[in-house]
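The lines below spell out each chain.
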Amino acid sequence: MSNLDELTSSPQTALDPQDEVKIVGQYYDDKTARLIRKYGPGPRIHYHVGHYPSSEAPLRADDVTPDDIRASIRLHQEGLLRYAAKIWGAEQRLSGRILDVGCGLGGGSLFWAQEYGADVTAVTNAPEHAPVVEGFARECGVDARVRTLVSDAKRLPLDGAPYDAAVAIESSGYFDRPLWFERLARVLRPGASVCIEEVFITRPHGADVWAEYFYTKPATVLDYVKAAEAAGFELVDDVDATSETAPFWEESAAWTKAALESDSSLSPVDRRQLRISLLANQALGTEWQAGGVRLGFLRFELK
């Protein structure tokens, strides 16, 4: 995820693939402190949307404090992982040796290790994030089951026994999907699952709004299917959760608004970033409600 003013390269700009990987990694390194401020303090910090059952209304800035909103965001982000676990049959498929590709600050990696006893390799291309994830794993007492790996997704090393599954939570939009699936076919065992939660394109304007904020343009589900099938995978699950995740943008915008109104210690630069973030969150919420993008859970199996 990113701020509109921080995108020095348009998603349509041609970049050398390795340069692009370095830019994205450096970008996430640079915003570590801001991620912890909004989604922390940890140890399980998530950087993705939340799942809101239909009976639950999002909190509003007029009613509560930034801390109240942050707590609600975190609760529903964990809810998204619990929803994913149910869809993907985590007790059977995500309790062994798994890859968490694009792990962010490791919230999902810790979740799979703590809740399902998985042995997790937390993959990030942001070098600064690796020691943060390791520290959180120690804090949770799962450092023996969570190891970090600084790597490009399409260059996952072929070390040791094959993995039982791979998970990508709102990270695969940054990957070269054909090369990623080709690599996964070499590091996963036959019958293993690739579990993906991601935003998919449904119309050009929604994709453009997402790309301006998150540094990458969404693909279609068909794009994923073609890349996966070419590498020997087949799609076995496709669950739409667009409506249940839409309230995240209202809460995210509410937190930003409340932080702007209540935190007098913010620097002018911080205030500008938050104002841009507020506008972007509002635009994304509009696209979510209008069907401009789709939030889906996919599961592929290696034949």
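This text follows the structure it describes.
Residues numbered from 1 in each chain as written. Predicted model: local features only at pLDDT ≥ 70, side-chain atom pairs only at ≥ 80, totals over all residues. Heavy atoms only, no water.

Caption draft 1: Expanded view of unusual backbone geometry. Residue Pro41 is bonded to the preceding Gly40 through a cis peptide linkage, with omega at 10 degrees. Along the chain, Pro41 falls in the loop between α2 (32-39) and α3 (66-88). Omega for the bond connecting Gly42 with Pro43 falls within 30 degrees of zero, at 10 degrees, which places this linkage in the cis form. Looking at the element boundaries, Pro43 is found in the loop between α2 and α3. Despite not being glycine, Glu170 has its phi angle at roughly 50 degrees, a positive value. The residue Glu170 is located in the loop between β4 (163-169) and α7 (177-187) in this model. (Helix = DSSP H or I, 4+ residues; strand = E, 2+ residues; numbered from the N terminus.)

Caption draft 2: Region of interest: the packing of aromatic side chains. If you walk through the whole model with that rule in mind, you get 18 aromatic pairs. Three or more aromatic residues link up through ring pairs in this structure, and these residues are Trp210, Tyr213, Phe214, Phe248, Trp249 and Trp288. Above the face of the Tyr163 ring, Arg97 is positioned so that its terminal group lies 3.9 Å from the ring centre. The cationic tip of Arg177 hangs over the ring face of Tyr224; the distance from NZ or CZ to the ring centre is 5.0 Å. (Phe/Tyr/Trp six-rings, centres within 6.5 Å; stacked < 30°, edge-to-face > 60°. Lys NZ or Arg CZ within 6 Å of the ring centre and 35° of its normal.)

Caption draft 3: Summary view of helix α8 (residues 204-214). Within α8, burial applies to Gly206, Ala207, Val209, Trp210, Ala211, Tyr213 and Phe214. Close packing links the buried residues of α8 with β5 (188-201), α11 (247-262), α12 (268-290) and β7 (293-302). Positioned one or two residues after α8, Tyr215 has a phi angle of 70 degrees, which is positive. (Buried < 20%, exposed > 50% of the residue type's maximum accessible area, 1.4 Å probe, protein only. Contact = heavy atoms within 4.5 Å.)

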